[in-house]
Amino acid sequence: MLVACWSAKGGCGTTVIAVALASVLARTAGEAVVADLAGDVPAVLGLPEPDGPGIADWLEAGDAVPADALARLEVPGPGGLRILPAGAPRDVDAPGRGDVLAALLGADGRPVVADCGSMPVGTRLAIAAAASASLLVLRPCYLALRRAAAFPLRPSGVVLVDEPGRDLTAADVEDVLQVPVRAVVGVDVAIARAVDSGSFGVRLPRRLERSLRHAA
């Protein structure tokens, strides 16, 4: 199973949701992979940046890489997570390789959550389009909803990051986008504290875990 998390506007919390969802899946399956296509997964988990190659290097290597090369890039994370790091900080657009990467992710039966970041293009867009579940992470903000409605990729579901005082509801989002809201995550100071303290991967806030349990 490959789940892609992405947003049509920055600042929606896509990486936090992707890591949390992978953690929830790891608790059920024993192990889950989080594919870092946006570059912030280690920071959210309070881990140092991996110093080895990553997805960008795999893409740049082309078709000559061995079949098991992708799995050998994984580094261990907390709570049964395996992290597929982003690699060198460069934007590698490898036409056609995104589909190959999507097919390989999760091919061994482990659940994989790909953090495709905001406004995905190129390989990130290909992964989000090819995933078995493509989840738009969205705040109930008119500007974010407007961008999501105009975005060329239609998600299979929405994770709504709900904020107090907003007029837009889950029903409004479903009406505009014509896809179901699969989870509503309330803005919670416990989430920010867990990320800031580096304990997010070890002690996932319970409200967040409950909200995401059936998102995928």
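Structure shown above.
Criteria and cut-off values
Residues numbered from 1 in each chain as written. Predicted model: local features only at pLDDT ≥ 70, side-chain atom pairs only at ≥ 80, totals over all residues. Heavy atoms only, no water. Core = buried A, V, L, I, M, F, W, Y, C linked by side-chain atoms within 4.5 Å. Buried < 20%, exposed > 50% of the residue type's maximum accessible area, 1.4 Å probe, protein only. Contact = heavy atoms within 4.5 Å. Helix = DSSP H or I, 4+ residues; strand = E, 2+ residues; numbered from the N terminus. Pairing = 2+ DSSP bridges. Expected span 1.5 Å × (residues − 1). Patch = residues over 30% accessible without salt bridge, like charges linked within 9 Å, V, L, I, M, F, W, Y side chains within 5 Å. Areas by Shrake-Rupley, 256 points an atom, 1.4 Å probe, with all protein chains shown as cover. Salt bridge = Lys/Arg side-chain N within 4 Å of Asp/Glu carboxyl O. Lys, Arg positive; Asp, Glu negative; His and termini not counted. Charge placed at Lys NZ, Arg CZ, Asp CG, Glu CD. 1 Å grid on protein atoms, 1.4 Å probe; cavity = no way out; pocket = protein on both sides within 12 Å on 5 of 7 lines; lining within 4 Å. Points joined across faces, edges and corners; volume = space filled by probe spheres on them. Nonpolar A, V, L, I, M, F, W, Y, C, P; charged D, E, K, R; others polar. Disulfide = S-S within 2.5 Å. Axes fitted to C-alpha atoms, helices over the stretch in contact; angles between N-to-C directions.

Student: Can you help me understand the nonpolar core in this one?
Tutor: The nonpolar side chains of a soluble globular protein tend to be buried with one another. In terms of nonpolar packing, the biggest core is built from 38 residues, with L101, L105, I127, L138 and L177 touching the most fellow members. Not counting chain neighbours up to four residues away, the residues in contact with L105 comprise L2, A35, L70, L84, V112 and I127. A22, L45, A183 and L208 belong to the second largest nonpolar core, which has 35 residues in total.

Student: What am I meant to see in the pairing of strand β5 (residues 112-118) here?
Tutor: On any regular strand, side chains alternate: one points to one face of the sheet, the next to the other face. For β5, a buried count of six out of seven residues is recorded, marking the element as mostly surrounded by other parts of the structure. Pairing of strand β1 (residues 2-7) with β5 involves five bridges; the strand directions are parallel. Its bridge partner being in β5, V3 is matched across the sheet by V113.

Student: Sorry, what's going on with helix α1 (residues 14-29) here?
Tutor: Each turn of an α-helix holds 3.6 residues, which means side chains three or four residues apart point in the same direction. Over its 16 residues, α1 runs 22 Å from end to end, which matches the ideal 22 Å to within 8%, given 1.5 Å per residue. Most of α1 is tucked away, with 13 of its 16 residues classed as buried. After α1 finishes, the residue G30 shows a positive phi value of roughly 95°.

Student: Looking at this model, I keep getting lost on a negative patch on the surface. Mind explaining?
Tutor: A cluster of acidic residues, D167, D172, E174 and D175, forms a negative patch on the protein surface. With respect to the element layout, D172 can be found in helix α8 (residues 170-177).

Student: Explanation requested: the layout of surface pockets in the structure shown.
Tutor: In this approach the atoms are scanned with a rolling probe the size of a water molecule, which exposes any empty space left behind. By volume, the second largest pocket amounts to about 260 Å³. Considering the residues around the second largest pocket, the lining is formed by 15 residues, among which G13, V16, R139, V161 and I191 are closest to the centre. Breaking the lining of the second largest pocket down by element, the ones donating at least two residues are α1, β8 (181-186) and α9 (189-197). The leading source of residues in the lining of the second largest pocket is α9, at three residues. The class makeup of the residues in the lining of the second largest pocket is eleven nonpolar, two polar and two charged.

Student: Explain the state of the cysteines here, please?
Tutor: Such a bond, covalent and formed between the sulfur atoms of two cysteines, is termed a disulfide. One pass over the structure, following the stated rule, counts zero disulfides. Here C12 stays unpaired: no disulfide links it, and the sulfur of C141, its closest cysteine neighbor, is 7.6 Å away. On the basis of relative accessible area, C12 is assigned to the buried category, the value being 4%. Cysteine C116 remains unbridged, with the sulfur of C5 as its closest cysteine sulfur at 7.9 Å. Judged by relative accessible area, C116 falls into the buried class, the value being 0%.

Student: Before we go on, may I ask you to explain the sheet that holds strand β3 (residues 75-76) in this structure?
Tutor: Strand pairs in the sheet, formed through backbone hydrogen bonds, run parallel or antiparallel to each other. Pairing is mixed across the open sheet formed by eight strands, whose spatial order is β3-β4-β2-β5-β1-β6-β7-β8. At either end of the open sheet lies a strand with only one pairing partner, and these are β3 and β8. Across four bridges, the pairing between β1 and strand β6 (residues 133-138) is parallel. Of the residues in β6, the one forming a bridge with A4 is S134. Lying over the sheet, α8 contacts β6, β7 (157-162) and β8, oriented at roughly 145° with respect to β7.

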